[in-house]
Amino acid sequence: METLKQTEFTSNTPGGERIRCIDDNEEALLWRLRMIGNAKKSIVLATFDLRADESGTDLLAALNHAAEKGVEIKLLIDGIYQQLFLNGSKEFQALAARKNVKVGVYNPVSPVGLFKLNYRMHDKYVIVDNEMYLLGGRNSNDIFLGDYTTDINVDRDILVWDTTKGKGESLQELEAYFHQVWNEDCVKIKGGRKKNISENRTQKEKNMENGITDGTQGYLSKYEKQYQSLEARYAALTEKSPDIETYNSWERDTIPANKITLLNNGTQAGPKTPLVLQAIRYLSQEADNVTIQTPYVICNGYMYDTLSEISSHAQLKIILNAVEKGSNPWGCTDYLNHKKKILETGADVYELMNQVPVHTKAVLSDERLSIVGSYNLDMRSTYLDTELMLVIDSRELNQQIQSTENVYMEKSKEVLSNGQETEGAQYETKVLNWQKKLFYGVLRIIIRPLRQLL
(Lines give C-alpha, C1' and ligand atoms only; values in the text may rest on other atoms or scores of the structure.)
Protein backbone atom coordinates (compact mmCIF):
# COMPACT_ATOMS: atom_id res chain seq x y z
CA MET A 1 0.00 0.00 0.00
CA GLU A 2 3.00 2.34 0.03
CA THR A 3 2.37 3.44 -3.54
CA LEU A 4 -1.22 4.36 -2.71
CA LYS A 5 -0.18 6.36 0.33
CA GLN A 6 1.99 8.53 -1.89
CA THR A 7 -0.95 9.34 -4.13
CA GLU A 8 -3.29 12.23 -3.45
CA PHE A 9 -6.88 11.47 -4.36
CA THR A 10 -8.33 14.86 -3.46
CA SER A 11 -7.82 18.51 -4.28
CA ASN A 12 -9.19 21.67 -2.73
CA THR A 13 -9.85 23.32 -6.09
CA PRO A 14 -11.51 22.17 -9.34
CA GLY A 15 -9.21 20.57 -11.88
CA GLY A 16 -9.26 20.75 -15.65
CA GLU A 17 -11.41 17.64 -16.11
CA ARG A 18 -15.20 17.90 -16.02
CA ILE A 19 -17.60 14.98 -15.63
CA ARG A 20 -21.07 13.71 -16.40
CA CYS A 21 -22.69 10.68 -14.76
CA ILE A 22 -24.71 8.56 -17.20
CA ASP A 23 -27.14 6.08 -15.66
CA ASP A 24 -29.67 5.78 -18.49
CA ASN A 25 -29.08 3.18 -21.22
CA GLU A 26 -30.51 5.30 -24.04
CA GLU A 27 -28.38 8.27 -23.04
CA ALA A 28 -25.35 6.00 -22.77
CA LEU A 29 -25.64 5.10 -26.46
CA LEU A 30 -26.24 8.72 -27.48
CA TRP A 31 -23.16 10.01 -25.66
CA ARG A 32 -21.00 7.34 -27.30
CA LEU A 33 -22.35 8.32 -30.72
CA ARG A 34 -21.69 12.00 -29.97
CA MET A 35 -18.11 11.26 -28.97
CA ILE A 36 -17.45 9.17 -32.07
CA GLY A 37 -19.23 11.68 -34.30
CA ASN A 38 -17.04 14.51 -33.00
CA ALA A 39 -13.77 12.63 -33.47
CA LYS A 40 -11.25 14.33 -35.74
CA LYS A 41 -8.08 12.32 -35.23
CA SER A 42 -8.40 9.16 -33.14
CA ILE A 43 -10.79 6.82 -31.35
CA VAL A 44 -10.02 4.05 -28.89
CA LEU A 45 -12.84 1.69 -27.92
CA ALA A 46 -12.01 -1.00 -25.39
CA THR A 47 -14.76 -3.34 -24.26
CA PHE A 48 -15.37 -6.69 -22.67
CA ASP A 49 -18.44 -7.54 -24.74
CA LEU A 50 -19.19 -5.95 -28.13
CA ARG A 51 -21.96 -7.64 -30.10
CA ALA A 52 -23.31 -7.07 -33.59
CA ASP A 53 -26.84 -6.60 -32.27
CA GLU A 54 -28.82 -3.39 -32.75
CA SER A 55 -26.87 -1.07 -30.43
CA GLY A 56 -23.57 -2.78 -31.18
CA THR A 57 -24.12 -2.33 -34.91
CA ASP A 58 -25.02 1.33 -34.28
CA LEU A 59 -21.54 1.70 -32.80
CA LEU A 60 -19.98 -0.16 -35.73
CA ALA A 61 -21.80 2.18 -38.13
CA ALA A 62 -20.54 5.27 -36.30
CA LEU A 63 -16.98 3.91 -36.18
CA ASN A 64 -17.14 3.00 -39.87
CA HIS A 65 -18.24 6.55 -40.75
CA ALA A 66 -15.41 7.98 -38.68
CA ALA A 67 -12.92 5.66 -40.38
CA GLU A 68 -14.25 6.75 -43.77
CA LYS A 69 -13.38 10.33 -42.79
CA GLY A 70 -9.82 9.29 -41.96
CA VAL A 71 -10.02 8.94 -38.17
CA GLU A 72 -7.52 6.43 -36.77
CA ILE A 73 -9.40 3.76 -34.80
CA LYS A 74 -8.21 1.11 -32.38
CA LEU A 75 -10.60 -1.49 -31.00
CA LEU A 76 -9.56 -3.63 -28.03
CA ILE A 77 -11.88 -6.55 -27.30
CA ASP A 78 -11.82 -9.50 -24.93
CA GLY A 79 -10.96 -12.75 -26.69
CA ILE A 80 -13.89 -14.90 -25.60
CA TYR A 81 -16.57 -12.41 -26.56
CA GLN A 82 -14.82 -11.56 -29.80
CA GLN A 83 -14.96 -15.26 -30.64
CA LEU A 84 -18.59 -15.67 -29.57
CA PHE A 85 -20.22 -12.58 -31.02
CA LEU A 86 -18.02 -10.94 -33.66
CA ASN A 87 -16.32 -13.65 -35.68
CA GLY A 88 -19.47 -14.18 -37.71
CA SER A 89 -20.27 -10.50 -38.22
CA LYS A 90 -19.63 -9.24 -41.74
CA GLU A 91 -20.12 -5.67 -40.53
CA PHE A 92 -17.40 -6.07 -37.93
CA GLN A 93 -15.10 -7.71 -40.49
CA ALA A 94 -15.74 -4.84 -42.88
CA LEU A 95 -14.79 -2.27 -40.26
CA ALA A 96 -11.68 -4.23 -39.28
CA ALA A 97 -10.61 -4.40 -42.95
CA ARG A 98 -10.14 -0.64 -43.21
CA LYS A 99 -6.48 0.36 -43.26
CA ASN A 100 -6.90 2.99 -40.53
CA VAL A 101 -8.64 0.51 -38.18
CA LYS A 102 -6.74 -1.87 -35.91
CA VAL A 103 -8.36 -4.53 -33.76
CA GLY A 104 -6.59 -5.93 -30.72
CA VAL A 105 -7.92 -9.15 -29.21
CA TYR A 106 -7.04 -9.69 -25.54
CA ASN A 107 -6.10 -13.27 -24.72
CA PRO A 108 -7.81 -14.82 -27.78
CA VAL A 109 -9.25 -18.31 -27.61
CA SER A 110 -6.69 -20.84 -28.88
CA PRO A 111 -5.59 -24.40 -28.11
CA VAL A 112 -2.23 -23.19 -26.76
CA GLY A 113 -3.91 -20.69 -24.46
CA LEU A 114 -6.47 -22.91 -22.79
CA PHE A 115 -4.71 -22.75 -19.42
CA LYS A 116 -4.94 -18.95 -19.49
CA LEU A 117 -8.55 -18.81 -20.67
CA ASN A 118 -9.82 -17.52 -17.34
CA TYR A 119 -7.91 -14.24 -17.54
CA ARG A 120 -10.22 -11.76 -19.22
CA MET A 121 -10.18 -8.07 -20.11
CA HIS A 122 -13.16 -6.60 -18.28
CA ASP A 123 -12.47 -2.93 -19.14
CA LYS A 124 -15.07 -0.68 -20.82
CA TYR A 125 -14.02 2.75 -22.11
CA VAL A 126 -13.88 5.09 -25.12
CA ILE A 127 -11.18 7.72 -25.73
CA VAL A 128 -11.60 10.38 -28.43
CA ASP A 129 -8.94 12.77 -29.82
CA ASN A 130 -6.95 12.85 -26.58
CA GLU A 131 -9.61 15.26 -25.32
CA MET A 132 -12.35 13.17 -23.69
CA TYR A 133 -13.19 9.69 -22.52
CA LEU A 134 -16.06 7.65 -21.16
CA LEU A 135 -15.49 4.84 -18.65
CA GLY A 136 -17.81 2.63 -16.67
CA GLY A 137 -19.40 -0.78 -16.35
CA ARG A 138 -21.46 -1.00 -19.55
CA ASN A 139 -20.78 -3.55 -22.24
CA SER A 140 -21.39 -2.56 -25.88
CA ASN A 141 -24.66 -4.31 -26.69
CA ASP A 142 -28.45 -4.11 -26.36
CA ILE A 143 -28.39 -5.29 -22.74
CA PHE A 144 -26.72 -2.02 -21.71
CA LEU A 145 -27.24 0.48 -24.54
CA GLY A 146 -30.24 1.91 -26.35
CA ASP A 147 -33.94 2.34 -25.68
CA TYR A 148 -34.80 -1.31 -25.08
CA THR A 149 -37.07 -2.27 -22.18
CA THR A 150 -36.75 -6.04 -21.86
CA ASP A 151 -33.75 -8.31 -21.19
CA ILE A 152 -31.68 -5.33 -20.09
CA ASN A 153 -29.48 -4.27 -17.18
CA VAL A 154 -28.85 -0.73 -15.98
CA ASP A 155 -25.34 0.51 -15.33
CA ARG A 156 -23.25 3.66 -14.95
CA ASP A 157 -20.69 5.50 -17.08
CA ILE A 158 -18.64 8.58 -16.31
CA LEU A 159 -17.97 10.94 -19.21
CA VAL A 160 -14.80 12.97 -18.67
CA TRP A 161 -14.20 16.08 -20.77
CA ASP A 162 -10.70 17.52 -20.52
CA THR A 163 -10.72 21.30 -20.80
CA THR A 164 -6.92 21.33 -21.06
CA LYS A 165 -6.95 19.42 -24.39
CA GLY A 166 -4.95 16.36 -23.47
CA LYS A 167 -3.22 17.44 -20.28
CA GLY A 168 -5.81 16.07 -17.90
CA GLU A 169 -4.27 13.75 -15.33
CA SER A 170 -6.78 10.91 -15.51
CA LEU A 171 -6.96 11.13 -19.32
CA GLN A 172 -3.20 10.69 -19.52
CA GLU A 173 -3.40 7.80 -17.05
CA LEU A 174 -6.05 6.06 -19.16
CA GLU A 175 -4.10 6.57 -22.39
CA ALA A 176 -0.96 5.15 -20.78
CA TYR A 177 -2.97 2.21 -19.45
CA PHE A 178 -4.44 1.51 -22.90
CA HIS A 179 -0.99 1.44 -24.50
CA GLN A 180 0.25 -0.90 -21.77
CA VAL A 181 -2.57 -3.35 -22.44
CA TRP A 182 -2.23 -2.99 -26.24
CA ASN A 183 1.44 -3.95 -26.01
CA GLU A 184 0.89 -6.99 -23.79
CA ASP A 185 2.01 -10.27 -25.38
CA CYS A 186 -1.50 -11.65 -24.85
CA VAL A 187 -2.99 -9.05 -27.23
CA LYS A 188 -3.09 -10.16 -30.85
CA ILE A 189 -3.71 -7.65 -33.60
CA LYS A 190 -6.44 -8.86 -35.94
CA GLY A 191 -5.21 -9.25 -39.52
CA GLY A 192 -1.51 -8.85 -38.82
CA ARG A 193 1.35 -9.01 -36.37
CA LYS A 194 1.83 -6.38 -33.74
CA LYS A 195 5.63 -6.20 -33.73
CA ASN A 196 8.75 -7.77 -35.16
CA ILE A 197 7.21 -7.67 -38.63
CA SER A 198 9.71 -9.00 -41.15
CA GLU A 199 10.99 -6.59 -43.78
CA ASN A 200 10.98 -9.51 -46.22
CA ARG A 201 7.24 -9.59 -46.73
CA THR A 202 5.92 -10.53 -50.11
CA GLN A 203 4.46 -7.82 -52.32
CA LYS A 204 1.07 -9.52 -51.95
CA GLU A 205 1.27 -9.14 -48.15
CA LYS A 206 2.18 -5.47 -48.49
CA ASN A 207 -0.68 -4.94 -50.92
CA MET A 208 -3.11 -6.60 -48.52
CA GLU A 209 -2.00 -4.21 -45.75
CA ASN A 210 -2.66 -1.26 -48.05
CA GLY A 211 -6.07 -2.50 -49.14
CA ILE A 212 -5.12 -3.90 -52.57
CA THR A 213 -5.41 -7.45 -53.84
CA ASP A 214 -4.12 -7.85 -57.41
CA GLY A 215 -3.38 -4.27 -58.38
CA THR A 216 -6.74 -3.58 -60.01
CA GLN A 217 -9.42 -4.64 -57.56
CA GLY A 218 -9.70 -2.93 -54.18
CA TYR A 219 -9.44 -5.34 -51.27
CA LEU A 220 -12.20 -3.47 -49.47
CA SER A 221 -14.62 -3.92 -52.36
CA LYS A 222 -15.69 -7.34 -51.11
CA TYR A 223 -17.30 -5.53 -48.17
CA GLU A 224 -19.05 -2.93 -50.31
CA LYS A 225 -22.48 -4.26 -49.35
CA GLN A 226 -21.60 -3.97 -45.65
CA TYR A 227 -20.20 -0.44 -46.07
CA GLN A 228 -23.37 0.68 -47.79
CA SER A 229 -25.49 -0.90 -45.07
CA LEU A 230 -23.43 0.73 -42.32
CA GLU A 231 -23.60 4.14 -44.00
CA ALA A 232 -27.37 3.83 -44.37
CA ARG A 233 -27.61 2.90 -40.70
CA TYR A 234 -25.47 5.88 -39.72
CA ALA A 235 -27.67 8.20 -41.80
CA ALA A 236 -30.68 6.88 -39.86
CA LEU A 237 -28.87 7.53 -36.59
CA THR A 238 -28.14 11.14 -37.54
CA GLU A 239 -31.78 11.60 -38.52
CA LYS A 240 -32.90 10.31 -35.13
CA SER A 241 -30.23 12.31 -33.25
CA PRO A 242 -29.21 15.25 -35.46
CA ASP A 243 -26.50 16.54 -33.13
CA ILE A 244 -24.29 13.44 -33.26
CA GLU A 245 -21.62 15.28 -35.28
CA THR A 246 -22.43 18.87 -34.25
CA TYR A 247 -22.84 18.56 -30.48
CA ASN A 248 -20.52 21.05 -28.73
CA SER A 249 -22.02 21.69 -25.28
CA TRP A 250 -19.47 19.62 -23.39
CA GLU A 251 -18.86 22.27 -20.72
CA ARG A 252 -22.53 23.12 -20.24
CA ASP A 253 -23.51 19.47 -19.78
CA THR A 254 -20.71 18.49 -17.41
CA ILE A 255 -19.84 19.43 -13.83
CA PRO A 256 -16.41 20.19 -12.34
CA ALA A 257 -14.34 17.60 -10.49
CA ASN A 258 -11.57 18.50 -8.10
CA LYS A 259 -9.53 15.43 -9.00
CA ILE A 260 -9.91 12.16 -10.91
CA THR A 261 -7.58 9.20 -10.41
CA LEU A 262 -7.54 5.96 -12.38
CA LEU A 263 -7.26 2.64 -10.57
CA ASN A 264 -6.34 -0.53 -12.43
CA ASN A 265 -5.87 -4.17 -11.47
CA GLY A 266 -2.90 -4.97 -13.73
CA THR A 267 -2.81 -5.68 -17.44
CA GLN A 268 -1.28 -9.15 -17.82
CA ALA A 269 -3.29 -12.25 -18.69
CA GLY A 270 -2.32 -13.91 -15.43
CA PRO A 271 -2.95 -13.82 -11.67
CA LYS A 272 -3.60 -10.32 -10.31
CA THR A 273 -2.67 -8.62 -7.08
CA PRO A 274 -5.95 -7.21 -5.69
CA LEU A 275 -4.93 -3.61 -6.40
CA VAL A 276 -8.43 -2.21 -6.87
CA LEU A 277 -9.76 -3.76 -3.67
CA GLN A 278 -6.67 -2.58 -1.77
CA ALA A 279 -7.33 0.95 -3.00
CA ILE A 280 -10.98 0.79 -1.93
CA ARG A 281 -9.89 -0.44 1.49
CA TYR A 282 -7.34 2.37 1.78
CA LEU A 283 -9.75 5.07 0.63
CA SER A 284 -12.34 3.86 3.16
CA GLN A 285 -10.07 3.74 6.19
CA GLU A 286 -11.02 7.18 7.54
CA ALA A 287 -14.63 7.19 6.34
CA ASP A 288 -17.67 7.21 8.60
CA ASN A 289 -20.05 6.01 5.88
CA VAL A 290 -19.28 3.66 2.99
CA THR A 291 -21.79 2.44 0.41
CA ILE A 292 -20.88 -0.34 -2.02
CA GLN A 293 -23.08 -0.98 -5.07
CA THR A 294 -22.29 -4.29 -6.77
CA PRO A 295 -24.40 -6.74 -8.82
CA TYR A 296 -23.40 -9.58 -6.48
CA VAL A 297 -20.81 -10.52 -3.84
CA ILE A 298 -18.44 -13.49 -4.09
CA CYS A 299 -15.69 -13.19 -1.45
CA ASN A 300 -12.70 -15.08 -0.09
CA GLY A 301 -11.07 -14.58 3.30
CA TYR A 302 -9.15 -11.43 2.41
CA MET A 303 -12.24 -9.84 0.89
CA TYR A 304 -14.38 -10.65 3.95
CA ASP A 305 -11.59 -9.20 6.08
CA THR A 306 -11.68 -6.00 4.02
CA LEU A 307 -15.42 -5.65 4.58
CA SER A 308 -14.98 -6.33 8.29
CA GLU A 309 -12.21 -3.75 8.53
CA ILE A 310 -14.40 -1.09 6.90
CA SER A 311 -17.35 -2.04 9.11
CA SER A 312 -15.20 -1.68 12.22
CA HIS A 313 -15.11 2.11 11.84
CA ALA A 314 -17.81 3.00 9.31
CA GLN A 315 -21.44 2.26 8.60
CA LEU A 316 -21.06 -0.08 5.63
CA LYS A 317 -23.97 -0.61 3.27
CA ILE A 318 -23.84 -3.15 0.45
CA ILE A 319 -26.51 -2.90 -2.25
CA LEU A 320 -26.83 -5.96 -4.49
CA ASN A 321 -29.46 -7.56 -6.68
CA ALA A 322 -31.96 -9.73 -4.83
CA VAL A 323 -31.79 -13.37 -5.88
CA GLU A 324 -35.32 -13.04 -7.24
CA LYS A 325 -34.19 -10.26 -9.59
CA GLY A 326 -30.50 -10.86 -10.34
CA SER A 327 -29.37 -11.63 -13.90
CA ASN A 328 -26.25 -13.58 -12.90
CA PRO A 329 -27.22 -17.04 -11.60
CA TRP A 330 -23.70 -17.72 -10.33
CA GLY A 331 -23.62 -14.60 -8.19
CA CYS A 332 -27.14 -15.18 -6.92
CA THR A 333 -26.36 -18.78 -6.00
CA ASP A 334 -23.16 -17.90 -4.18
CA TYR A 335 -25.08 -15.31 -2.18
CA LEU A 336 -27.49 -18.03 -1.07
CA ASN A 337 -24.51 -20.13 0.03
CA HIS A 338 -22.55 -17.37 1.79
CA LYS A 339 -25.09 -14.79 2.90
CA LYS A 340 -24.31 -15.46 6.56
CA LYS A 341 -20.58 -14.76 6.07
CA ILE A 342 -21.34 -11.47 4.33
CA LEU A 343 -23.60 -10.39 7.20
CA GLU A 344 -20.98 -11.43 9.76
CA THR A 345 -18.66 -8.71 8.43
CA GLY A 346 -20.98 -6.14 10.02
CA ALA A 347 -22.30 -4.77 6.75
CA ASP A 348 -25.94 -3.87 6.25
CA VAL A 349 -27.03 -5.68 3.08
CA TYR A 350 -29.75 -4.34 0.81
CA GLU A 351 -31.34 -6.95 -1.47
CA LEU A 352 -32.46 -4.79 -4.38
CA MET A 353 -35.73 -5.59 -6.14
CA ASN A 354 -35.38 -3.14 -9.03
CA GLN A 355 -37.59 -3.38 -12.13
CA VAL A 356 -34.54 -4.60 -14.08
CA PRO A 357 -31.23 -5.98 -12.76
CA VAL A 358 -28.62 -3.38 -11.76
CA HIS A 359 -25.12 -3.99 -13.11
CA THR A 360 -23.61 -0.85 -11.54
CA LYS A 361 -20.30 -0.96 -9.69
CA ALA A 362 -19.64 1.96 -7.34
CA VAL A 363 -18.29 2.84 -3.90
CA LEU A 364 -19.17 6.02 -2.02
CA SER A 365 -16.81 7.13 0.75
CA ASP A 366 -18.50 9.74 2.92
CA GLU A 367 -19.77 12.78 0.98
CA ARG A 368 -16.80 13.52 -1.27
CA LEU A 369 -15.27 10.50 -2.99
CA SER A 370 -17.02 8.32 -5.58
CA ILE A 371 -15.35 5.23 -7.06
CA VAL A 372 -16.99 4.10 -10.30
CA GLY A 373 -16.09 1.59 -13.01
CA SER A 374 -16.02 -2.09 -13.92
CA TYR A 375 -15.00 -3.82 -10.66
CA ASN A 376 -17.49 -6.30 -9.18
CA LEU A 377 -17.05 -7.36 -5.57
CA ASP A 378 -16.17 -10.92 -6.58
CA MET A 379 -13.03 -13.03 -6.80
CA ARG A 380 -12.90 -12.89 -10.60
CA SER A 381 -12.70 -9.09 -10.63
CA THR A 382 -10.28 -9.15 -7.71
CA TYR A 383 -7.77 -11.76 -8.85
CA LEU A 384 -8.29 -12.70 -12.52
CA ASP A 385 -9.57 -9.92 -14.77
CA THR A 386 -8.36 -6.48 -15.80
CA GLU A 387 -10.50 -3.85 -14.08
CA LEU A 388 -10.73 -0.06 -14.11
CA MET A 389 -12.25 2.30 -11.55
CA LEU A 390 -12.23 6.10 -11.35
CA VAL A 391 -11.75 7.76 -7.97
CA ILE A 392 -13.56 11.07 -8.34
CA ASP A 393 -13.32 13.92 -5.84
CA SER A 394 -16.62 15.74 -6.39
CA ARG A 395 -19.26 16.42 -3.78
CA GLU A 396 -21.83 17.08 -6.51
CA LEU A 397 -21.26 13.70 -8.15
CA ASN A 398 -21.24 11.94 -4.78
CA GLN A 399 -24.59 13.52 -3.93
CA GLN A 400 -26.03 12.58 -7.32
CA ILE A 401 -24.99 8.93 -6.95
CA GLN A 402 -26.13 8.85 -3.32
CA SER A 403 -29.59 9.99 -4.44
CA THR A 404 -29.76 7.02 -6.80
CA GLU A 405 -28.57 4.67 -4.06
CA ASN A 406 -31.24 6.01 -1.71
CA VAL A 407 -33.92 5.09 -4.25
CA TYR A 408 -32.37 1.63 -4.63
CA MET A 409 -32.44 1.15 -0.85
CA GLU A 410 -36.13 2.07 -0.82
CA LYS A 411 -36.65 -0.74 -3.35
CA SER A 412 -34.68 -3.20 -1.20
CA LYS A 413 -35.05 -5.49 1.74
CA GLU A 414 -32.51 -4.43 4.38
CA VAL A 415 -30.89 -7.42 6.08
CA LEU A 416 -28.83 -6.95 9.26
CA SER A 417 -26.30 -9.32 10.79
CA ASN A 418 -28.65 -10.00 13.72
CA GLY A 419 -31.25 -11.41 11.33
CA GLN A 420 -33.54 -8.40 11.33
CA GLU A 421 -35.14 -7.71 7.94
CA THR A 422 -36.91 -4.51 6.90
CA GLU A 423 -38.62 -3.91 3.59
CA GLY A 424 -38.15 -0.51 1.98
CA ALA A 425 -41.13 1.68 1.10
CA GLN A 426 -40.89 0.74 -2.60
CA TYR A 427 -39.97 -2.92 -2.10
CA GLU A 428 -42.06 -5.30 -4.20
CA THR A 429 -42.10 -8.94 -3.17
CA LYS A 430 -41.42 -11.54 -5.83
CA VAL A 431 -41.51 -15.28 -5.10
CA LEU A 432 -39.36 -17.74 -7.04
CA ASN A 433 -41.32 -20.46 -8.79
CA TRP A 434 -40.52 -24.09 -8.09
CA GLN A 435 -38.42 -24.43 -11.25
CA LYS A 436 -36.15 -21.56 -10.16
CA LYS A 437 -35.93 -22.94 -6.63
CA LEU A 438 -34.89 -26.33 -8.00
CA PHE A 439 -32.39 -24.69 -10.34
CA TYR A 440 -30.73 -22.75 -7.53
CA GLY A 441 -30.82 -25.79 -5.26
CA VAL A 442 -28.79 -27.82 -7.75
CA LEU A 443 -26.51 -24.90 -8.60
CA ARG A 444 -25.68 -24.29 -4.91
CA ILE A 445 -23.91 -27.67 -4.89
CA ILE A 446 -22.27 -27.41 -8.31
CA ILE A 447 -20.59 -24.03 -7.86
CA ARG A 448 -18.94 -24.61 -4.48
CA PRO A 449 -15.56 -25.73 -5.89
CA LEU A 450 -15.70 -23.10 -8.68
CA ARG A 451 -16.28 -19.91 -6.70
CA GLN A 452 -12.96 -18.30 -7.59
CA LEU A 453 -13.83 -18.50 -11.32
CA LEU A 454 -17.34 -17.00 -11.18
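Residues numbered from 1 in each chain as written. Predicted model: local features only at pLDDT ≥ 70, side-chain atom pairs only at ≥ 80, totals over all residues. Heavy atoms only, no water.

1. Some details on a nonpolar patch on the surface
A grouping of W434, L438, V442, I446, L450 and L453 is seen on the molecular surface, where their side chains present a nonpolar patch of about 570 Å² in accessible area. Here L453 lies in the segment after α14 (434-446). L453 gets classed as partly exposed once you look at its relative accessible area, which sits at 32%. (Patch = residues over 30% accessible without salt bridge, like charges linked within 9 Å, V, L, I, M, F, W, Y side chains within 5 Å. Areas by Shrake-Rupley, 256 points an atom, 1.4 Å probe, with all protein chains shown as cover. Salt bridge = Lys/Arg side-chain N within 4 Å of Asp/Glu carboxyl O. Helix = DSSP H or I, 4+ residues; strand = E, 2+ residues; numbered from the N terminus. Buried < 20%, exposed > 50% of the residue type's maximum accessible area, 1.4 Å probe, protein only.)

2. A closer look at the sheet that holds strand β9 (residues 255-256)
What the nine strands build is an open sheet, ordered β8-β4-β3-β2-β5-β6-β7-β1-β9; its pairing is mixed. Each edge of the open sheet is held by one strand with a lone partner, namely β8 (187-189) and β9. Examined bridge by bridge, strand β1 (residues 17-22) and β9 share two bridges and lie antiparallel to one another. Following the sheet pairing, R18 is matched in β9 by P256. (Pairing = 2+ DSSP bridges.)

3. Focus: the pattern of salt bridges
Oppositely charged side chains may form a pair once their charged atoms are brought near each other. Enumeration according to the criterion identifies 21 salt bridges in this entry. When the shortest N-O distance is used, the salt bridge between E351 and K339 registers 3.0 Å. Of this pair, E351 sits in strand β14 (residues 348-352) while K339 sits in helix α11 (residues 329-344), and the two are 12 residues apart along the sequence. A relative accessible area of 8% places E351 in the buried class. Assessed through its relative accessible area of 23%, K339 is described here as partly exposed.

4. Quick notes on empty space enclosed by the protein
Here the structure, examined in full by the defined rule, presents three cavities of 30 Å³ or more. Taken as a whole, the largest cavity holds about 70 Å³ of empty space. Along its surface, the largest cavity is lined by 13 residues, and I280, I292, V363, Y375 and L377 are the ones closest to its centre. Class assignment of the residues belonging to the lining of the largest cavity gives a composition of nine nonpolar, four polar and no charged. The volume enclosed by the second largest cavity comes to roughly 40 Å³. Every residue lining the second largest cavity is listed: R32, L45, A46, T47, K124, Y125, V126, L134, R138 and S140. Secondary structure elements with two or more residues in the lining of the second largest cavity: β2 (42-47) and β5 (125-128). (1 Å grid on protein atoms, 1.4 Å probe; cavity = no way out; pocket = protein on both sides within 12 Å on 5 of 7 lines; lining within 4 Å. Points joined across faces, edges and corners; volume = space filled by probe spheres on them. Nonpolar A, V, L, I, M, F, W, Y, C, P; charged D, E, K, R; others polar.)

5. Looking at the pairing of strand β7 (residues 157-162)
Along β7, six of the six residues are buried, which leaves the element largely enclosed by surrounding structure. Neither face of β7 is exposed, since D157, L159 and W161 on one face and I158, V160 and D162 on the opposite face are all buried. Of the pairings in the sheet, the one linking β1 to β7 comprises six bridges and is antiparallel in character. Within β7, the position partnered with R18 by the bridge is W161. By the bridge criterion, five bridges tie strand β6 (residues 132-136) to β7 in an arrangement that is antiparallel. Note on β7: the bridge partner recorded for G136 is D157.

6. A few points about α14
Given 3.6 residues per helical turn, the α-helix brings residues three or four places apart onto the same face. With 13 residues, α14 extends 19 Å between its outermost C-alpha atoms, agreeing within 8% with the 18 Å of an ideal straight helix rising 1.5 Å per residue. If you check the start of α14, you find a side-chain oxygen 3.2 Å away from the backbone N of Q435, and it comes from N433. (Expected span 1.5 Å × (residues − 1). Polar contact = N/O pair within 3.5 Å; in protein donor to acceptor, adjacent residues only side chain to side chain.)

7. Comments concerning the sheet that holds strand β16 (residues 369-373)
Note: strands within a sheet are paired through backbone hydrogen bonds, in either parallel or antiparallel orientation. Read across the open sheet, the nine strands follow the order β10-β18-β16-β15-β11-β13-β14-β19-β20; overall the sheet is mixed. Only two strands of the sheet have a single partner each, and these edge strands are β10 (259-264) and β20 (421-423). Strand-to-strand twist of the sheet, defined as the mean angle between neighbouring strand axes without regard to direction, takes the value 15°. Pairing analysis gives five bridges linking β16 to strand β18 (residues 388-393), with the strands arranged antiparallel. Paired with G373 across the strands is M389, a residue of β18. Seen against the sheet, α11 touches β13 (315-321), β14, β19 (412-415) and β20 and runs at an angle of roughly 150° to β14. (Axes fitted to C-alpha atoms, helices over the stretch in contact; angles between N-to-C directions. Contact = heavy atoms within 4.5 Å.)

8. A word on the packing of helix α2 (residues 25-38) against helix α3 (residues 54-68)
Axis separation between α2 and α3 bottoms out at 9 Å; the angle between their running directions is 10°. In terms of orientation, α2 and α3 fall into the roughly parallel class. Contact with α2, carried on its side by L29, R32, L33 and I36, involves S55, D58, L59, A62, L63 and A66 of α3 and no other residues of that element. Taken together, the residues of the contact of α2 with α3 break down into seven nonpolar, one polar and two charged. (Parallel < 35°, antiparallel > 145°, perpendicular 65-115°, else oblique.)

9. Overview of the pairing of strand β15 (residues 362-365)
Neither face of β15 is left uncovered, since the one carrying A362 and L364 and the one carrying V363 and S365 both have all their residues buried. Summarising the sheet, strand β11 (residues 289-293) and β15 pair through four bridges and their orientation is antiparallel. Directly across from T291, in β15, lies its bridge partner L364. The pairing of β15 with β16 spans four bridges and is classified as antiparallel. Paired with L364 across the strands is S370, a residue of β16. Hairpin connection between β15 and β16: a loop of three residues separates the two successive antiparallel strands, and D366 in this loop has a positive phi of roughly 55°.

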